[in-house]
Amino acid sequence: MYAWPASEVPALPGTGRDLRIHDTATGGLVTLDPGPVARIYVCGITPYDATHLGHAATYNAFDLVQRVWLDTKRQVHYVQNVTDIDDPLLERAERDGIDWAGLAEKETALFREDMTALRMLPPRQYIGAVEAIPGIVPLVERLRDLGAAYELEGDVYFSVEADPHFGQVSGLDAAAMRLLSAERGGDPDRPGKKNPLDPMLWMAAREGEPRWDGGSLGAGRPGWHIECVAIALDHLGMGFDIQGGGSDLAFPHHEMGASHAQALTGEFPFAKAYVHAGMVALDGQKMSKSKGNLVFVSALRRAGVDPAAIRLALLAHHYRADWEWTDAVLDEAVDRLARWRAAVSRPDGPEAEPLVEEVRAALAEDLDAPAALAAVDRWAARQAENGGTDERAPGVVSRAVDALLGVAL
Ligand code: 5CA
Ligand code: ZN
């Protein structure tokens, strides 16, 4: 699939800082030491509805990761998927009496527009589950040949016991895993499974559902976790720097993905860090397509909200926090954008280099965007109160806000 156009990332004076970031697997901050090309995989949308602010907040976090890396003069190899075949998509298409593939295409197109408007950097590879199927089938066959997968009434399951490191991403106990598995697409109560937690790798064709050639697996469609593993291994290989997504993906999705890959290759780890963004809520509940309590990025844009203000609203919250979207959050972001734009539109101002260093330091320490915003606020306040004499300052600030925060002033 094609992704979306990249906005330019201006180069900044001085040098960027190495990222320290929270890793779910170790439960603490890790200093990543990527090579000249940092590698990141971020789980993409399941395109059965429009992009909401929860999605946007999660993609914003990983966009910041890229911006910190780019500031250290590294290249970034970023891969993202689109789960363009899965149960929720089929269920929504059935409910609305529309074609599942057309629905996926339409919502993916809208996602691209939202990402472009929000100035999110595009992935180098943007891969749909459907187009990944020819690569998924041999992986499932190999897992089966290794004894890490088994058949149950034509479906193929992964055996979680096949990976000695299973459980290390989420650190959850078996009871907690079982509960989450039932909530998040698993089938722990299906009779005949070796372990209730075992996830499906390949689902045999069901009456009336789309199906693909599965070679020796028979016709069917892929499970969810193996989709991301196939795409990540194909483009990034083992031991890439960050596997990213919202905190609802830590278990089972990222846990199972890591185990699939580790069982397939005999190598450890799948990713050096598992990074998870907090959940955005509306009216006290996690924003989710299944609950329908959503604020869509596209709806705000249609209502005339500047995408830069939407982005500032996201940046005002630490990526790991769970937070609530309210009108006040957006109003505050609109005010902040106006203050910043006024501050950089003057011909001179207070010295900018110390501010650039503050923003760099804040982001390098577990992506502390609220601290970065506070630093820019202080510069803008000094500009409003006393002004300054540095003629380069407004330009430097506006380039730094663009390069490091993705906000065009
Ligand atoms: N296609 C899979 C990943 S392979 C999927 O989870 N799709 S999704 O559309 O449900 O979610 C896309 C991303 O947005 C995931 O990283 C998910 O964790 C994140 N996300 C979903 N809801 C929220 C929310 N309310 N707040 C923050 N992030 C969210
Ligand atoms: Zn995924």
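Quick caveat, the model's predicted, so the values are computed rather than measured.

## Description of a negative patch on the surface
(1) Moving on: Taken together, the side chains of Asp 327, Asp 331, Glu 332 and Asp 335 present a region of like negative charge at the surface.
(2) Moving on: Mapping Glu 332 onto the fold places it in helix α10 (residues 327–344).
(3) Moving on: You can call Glu 332 partly exposed: its relative accessible area is 48%.

## Comments concerning the coordination of the zinc ion (ligand 2)
(1) Moving on: Listed as protein donors to the zinc ion (ligand 2) are Cys 43 (SG), Cys 228 (SG) and His 253 (NE2); their distances from the metal cover 2.0 to 2.3 Å.
(2) Moving on: Seen from the zinc ion (ligand 2), its four donor atoms lie at angles of 102 to 120 degrees, and the figure they make is tetrahedral.
(3) Moving on: Mapped onto the sequence, the donors of the zinc ion (ligand 2) take the spacing C-x184-C-x24-H. Residue Cys 228 is found in helix α6 (residues 224–235), and its partner His 253 is found in helix α7 (residues 250–265); the two are separated by 25 residues along the sequence.

## Let's talk about the UniProt feature "short sequence motif: 'HIGH' region" (unreviewed entry) in the protein chain
(1) Moving on: Residues given the UniProt feature "short sequence motif: 'HIGH' region" (unreviewed entry) here are residues 45–55.
(2) Moving on: With 27% helix and 0% strand, the stretch residues 45–55 has end C-alpha atoms that lie 8 Å from each other.

## Quick notes on the nonpolar core
(1) Moving on: Of all hydrophobic cores here, the largest spans 81 residues; its most connected members are Ile 21, Ile 242, Trp 325 and Leu 405.
(2) Moving on: Of the residues forming this core, the biggest block, ten residues, is contributed by helix α1 (residues 53–71).
(3) Moving on: Here this core spans two domains, since at least three of its residues come from each of domain 1 (20–281) and domain 2 (305–318 + 325–405).
(4) Moving on: Beyond its immediate sequence surroundings of up to four residues, Ile 242 is in contact with Ile 21, Leu 32, Arg 39, Ile 40, Tyr 41, Phe 62, Val 65, Trp 69, Ala 271, Ala 273 and Val 275.
(5) Moving on: Counting residues in hydrophobic clusters, the runner-up holds 44 residues, among them Leu 139, Leu 233, Ala 271 and Tyr 274.

## Concerning the packing of α6 against α7
(1) Moving on: As a packed pair, α6 and α7 sit with axes 9 Å apart at the nearest point and diverge in direction by 55 degrees. When the axes of α6 and α7 are compared, the pair comes out oblique. Where α6 crosses over α7, the handedness of that crossing is right-handed. Contacts between α6 and α7 involve Trp 224, His 225, Ile 226, Cys 228, Val 229 and Leu 233 from the former and Pro 252, His 253, Met 256, Gly 257, His 260, Ala 261 and Leu 264 from the latter.
(2) Moving on: Of the residues that constitute the contact of α6 with α7, the class distribution is nine nonpolar, four polar and no charged.

Cut-off values and rules
Residues numbered from 1 in each chain as written. Chains lettered and ligands numbered in written order. Predicted model: local features only at pLDDT ≥ 70, side-chain atom pairs only at ≥ 80, totals over all residues. Heavy atoms only, no water. Patch = residues over 30% accessible without salt bridge, like charges linked within 9 Å, V, L, I, M, F, W, Y side chains within 5 Å. Areas by Shrake-Rupley, 256 points an atom, 1.4 Å probe, with all protein chains shown as cover. Salt bridge = Lys/Arg side-chain N within 4 Å of Asp/Glu carboxyl O. Lys, Arg positive; Asp, Glu negative; His and termini not counted. Charge placed at Lys NZ, Arg CZ, Asp CG, Glu CD. Helix = DSSP H or I, 4+ residues; strand = E, 2+ residues; numbered from the N terminus. Buried < 20%, exposed > 50% of the residue type's maximum accessible area, 1.4 Å probe, protein only. Donors = N, O, S within 2.8 Å, 3.2 Å for Na, K, Ca; no water. Tetrahedral: all angles 85-135°; square planar, octahedral: opposite > 155°, others 65-115°. UniProt positions renumbered as here; feature names shortened; annotations may be inferred. Core = buried A, V, L, I, M, F, W, Y, C linked by side-chain atoms within 4.5 Å. Domains from an automatic or database assignment. Contact = heavy atoms within 4.5 Å. Axes fitted to C-alpha atoms, helices over the stretch in contact; angles between N-to-C directions. Parallel < 35°, antiparallel > 145°, perpendicular 65-115°, else oblique. Left-handed = near helix turned anticlockwise from the far one by under 90°. Nonpolar A, V, L, I, M, F, W, Y, C, P; charged D, E, K, R; others polar.

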